[in-house]
Amino acid sequence: MFVDFRSSLFAMYLFLTGDSSALTNWTYTDNAPIAILIVLFSLLIVVYLMNLFIGLLNMAIEKDNNRVSYLKRRQRFLLKLSYSIYYHIKDVGENGFL
């Protein structure tokens, strides 16, 4: 496998993908279509999985953003409500009406 520079690069690529069969004397120059298919398959799977994970992450972030915006609106509403109740009680205390 380490006959020339191109085969050694392919062997290192196989090592990185977890294939330890790169230590054998199999030369990819004899089986170039198989080597090309191995590289294309691994790259396409990586791109597909990354897109899948990005989509799942996007859905999770969107769900959290909806929850956070709901809680912020609720916080503003309760704050305004508490201010209005406070000022109403303050006016009742000053004017004597209940």
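Residues numbered from 1 in each chain as written. Predicted model: local features only at pLDDT ≥ 70, side-chain atom pairs only at ≥ 80, totals over all residues. Heavy atoms only, no water.

On the surface, a nonpolar cluster with roughly 1,100 Å² of combined accessible area is contributed by F41, I45, V46, Y48, L49, M50, L52, F53, I54, L56 and M59. Looking at where M59 falls in the secondary structure, it is placed in helix α2 (residues 32-95). (Patch = residues over 30% accessible without salt bridge, like charges linked within 9 Å, V, L, I, M, F, W, Y side chains within 5 Å. Areas by Shrake-Rupley, 256 points an atom, 1.4 Å probe, with all protein chains shown as cover. Salt bridge = Lys/Arg side-chain N within 4 Å of Asp/Glu carboxyl O. Helix = DSSP H or I, 4+ residues; strand = E, 2+ residues; numbered from the N terminus.)

It is worth spelling out helix α1 (residues 5-16) at this point. The terminal C-alpha atoms of α1, which comprises 12 residues, lie 17 Å apart, in line with the 16 Å expected from a rise of 1.5 Å per residue. Backbone geometry just downstream of α1 places G18 in the positive-phi region, at approximately 95°. (Expected span 1.5 Å × (residues − 1).)

On the UniProt side, "transmembrane region" (unreviewed entry) is annotated at positions that read residues 32-57 here. For the annotated span residues 32-57, helix accounts for 100% and strand for 0% of the residues, and the straight-line distance between the end C-alpha atoms is 37 Å. (UniProt positions renumbered as here; feature names shortened; annotations may be inferred.)

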